[in-house]
Amino acid sequence: MTGASIKTKPAGWPVGRLFFEALVIVSSILLAFGIDAWWEERKDRVEEQEILHGLYDEFAQNRERLERDMLIDATNTQILVAILEAIDSGVWNEQEIPIDVAIGDMLSPSTSDLGNGVFDALVNAGRIELLSNKELRNKLAAWNGIFDEVRDDQANNSKMVLEQIVPYFMRNGVPVSAAFVSFSFAWPIKSRSIKDDADSLERLLTDPEFRVIAELRYGYKIHLKGEIERALDAIDQILIEIENSLN
């Protein structure tokens, strides 16, 4: 047709280009999220390493404390054996263990003061899941229950001293000042010892109530030894898992 204008078809949307631009935008967003996630994960792993080192030092020190306490308890147990043997024979061997040391030992309950700052902070903050080692998390979760058994036994020993042994010594007039002197306590006047009164010592060794007290004290000590050994074994397992995590 002459003189007629020719209309051109509007250009279509550049689908390929738009798809590419959208892909770039989405990729950029995903990359940003990925970088953030990587950075957070990296921070978590750095924090985990710091926590693991702190836990290792703490539990290693606690192991040393418990081993020391168990050695002290072993000495206490030997003294109680000497008391039971003297009760059986009716004679105290002063050359083997001074009687005042034995009396002082019966008045001294043991306690284990462990450092749990790192562990408590981890648990109280709800950050234990930060540890990637599941076995370590499980063993740490069980730790308080295990050490509670040690504390309960020590509390029973302390209760026995305060509620049974001290009242017994008071009721029967057993001298204790020389026992405190045996601990290097300064005493303002001349201390008294039951070894200076043969009749009182004989009455003590032949008293059925004193025998039961000594037997109970010995039994409690043996049970406590078992609980401490269980706690030491738990610490060893925790330390192994911490080392595995650090490696």
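Residues numbered from 1 in each chain as written. Predicted model: local features only at pLDDT ≥ 70, side-chain atom pairs only at ≥ 80, totals over all residues. Heavy atoms only, no water.

**Points about the nonpolar core**
Core analysis: the largest hydrophobic core is formed by 28 residues, its most contacted members being Ile 83, Trp 92, Ile 103, Ile 165, Phe 169, Ile 194 and Phe 210. If you list the elements that add at least two residues to this core, you get α1 (15-89), α2 (99-106), α4 (134-171), α6 (198-206) and α7 (208-246). Aside from chain neighbours lying at most four places away, what touches Ile 194 is Ile 99, Asp 100, Ile 103, Val 174, Pro 175, Ser 200, Leu 201 and Leu 204. (Core = buried A, V, L, I, M, F, W, Y, C linked by side-chain atoms within 4.5 Å. Buried < 20%, exposed > 50% of the residue type's maximum accessible area, 1.4 Å probe, protein only. Helix = DSSP H or I, 4+ residues; strand = E, 2+ residues; numbered from the N terminus. Contact = heavy atoms within 4.5 Å.)

**Focus: the packing of aromatic side chains**
Under the definition given, this model contains eight aromatic pairs. Taking the centre distance of 6.0 Å and the plane angle of 5 degrees together, the rings of Phe 180 and Trp 187 count as stacked. Members of the aromatic cluster, each reached through a chain of ring pairs, are Phe 59, Phe 119, Trp 143 and Phe 147. (Phe/Tyr/Trp six-rings, centres within 6.5 Å; stacked < 30°, edge-to-face > 60°.)

**A short note on a nonpolar patch on the surface**
On the surface, Val 181, Trp 187 and Ile 189 cluster together to form a nonpolar patch covering roughly 290 Å² of accessible area. Relative to the helices and strands, Val 181 resides in helix α5 (residues 177-182). Overall, the relative accessible area of 34% leaves Val 181 in the partly exposed class. (Patch = residues over 30% accessible without salt bridge, like charges linked within 9 Å, V, L, I, M, F, W, Y side chains within 5 Å. Areas by Shrake-Rupley, 256 points an atom, 1.4 Å probe, with all protein chains shown as cover. Salt bridge = Lys/Arg side-chain N within 4 Å of Asp/Glu carboxyl O.)

**Side note on the pattern of salt bridges**
A full pass over the atoms with the stated rule returns 14 salt bridges. A cluster of three or more residues bridged by salt bridges with shared partners is formed by Arg 63, Glu 67 and Asp 236.

**Focus on the packing of α4 against α7**
Relative to each other, α4 and α7 sit at 160 degrees, their axes nearing to 9 Å. Compared by their axis directions, α4 and α7 come out roughly antiparallel. Between α4 and α7 lies a crossing whose hand is left-handed. Partitioned by chemical class, the residues of the contact of α4 with α7 number 21 nonpolar, seven polar and eleven charged. (Axes fitted to C-alpha atoms, helices over the stretch in contact; angles between N-to-C directions. Parallel < 35°, antiparallel > 145°, perpendicular 65-115°, else oblique. Left-handed = near helix turned anticlockwise from the far one by under 90°. Nonpolar A, V, L, I, M, F, W, Y, C, P; charged D, E, K, R; others polar.)

**Description of a negative patch on the surface**
A surface patch of like charges, here negative, comprises Asp 196, Asp 197, Asp 199 and Glu 202. Structurally, Asp 199 can be placed in helix α6. (Lys, Arg positive; Asp, Glu negative; His and termini not counted. Charge placed at Lys NZ, Arg CZ, Asp CG, Glu CD.)

**Section: unusual backbone geometry**
In the Ramachandran plot, Ser 184 falls in the positive-phi region, its phi being about 70 degrees despite a non-glycine side chain. Here Ser 184 shows up in the loop between α5 and α6.

**As for the environment of Phe 119**
For Phe 119, the location among the structural elements is in helix α3 (residues 117-124). Residue classification places Phe 119 among the buried residues on the basis of a relative accessible area of 1%. Each C-alpha atom, one on Phe 119 and one on Phe 59, is 9.0 Å from the other, the two residues being 60 residues apart in sequence. Apart from residues no more than four positions distant in its own chain, Phe 119 is found in contact with Leu 55, Glu 58, Phe 59, Leu 140, Trp 143 and Asn 144.

**Re the confidence of the model for the chain**
Of the residues in the chain, 83% reach a pLDDT of 70 or more, and the chain-wide mean stands at 87. Mean pLDDT in the chain bottoms out at α1, which sits at 81, and peaks at α7, which reaches 96. (pLDDT = per-residue confidence, 0-100.)

**Thoughts on the side chain of Gln 154**
Here Gln 154 shows up in helix α4. Owing to a relative accessible area of 4%, Gln 154 belongs among the buried residues under this scheme. Among the polar contacts made by the side chain of Gln 154, one reaches the side chain of Ser 112 at a distance of 2.8 Å. For Gln 154, the residues in contact, after removing those within four places along its chain, are Ser 110, Thr 111, Ser 112 and Leu 224. (Polar contact = N/O pair within 3.5 Å; in protein donor to acceptor, adjacent residues only side chain to side chain.)

**Notes on the side chain of Asn 76**
Along the chain, the position of Asn 76 falls in helix α1. With relative accessibility at 9%, the residue Asn 76 sits in the buried group. Separated by 3.4 Å, the side chains of Asn 76 and Lys 221 make a polar contact. With residues near it in sequence (within four places) discarded, Asn 76 still touches Asp 105 and Lys 221.

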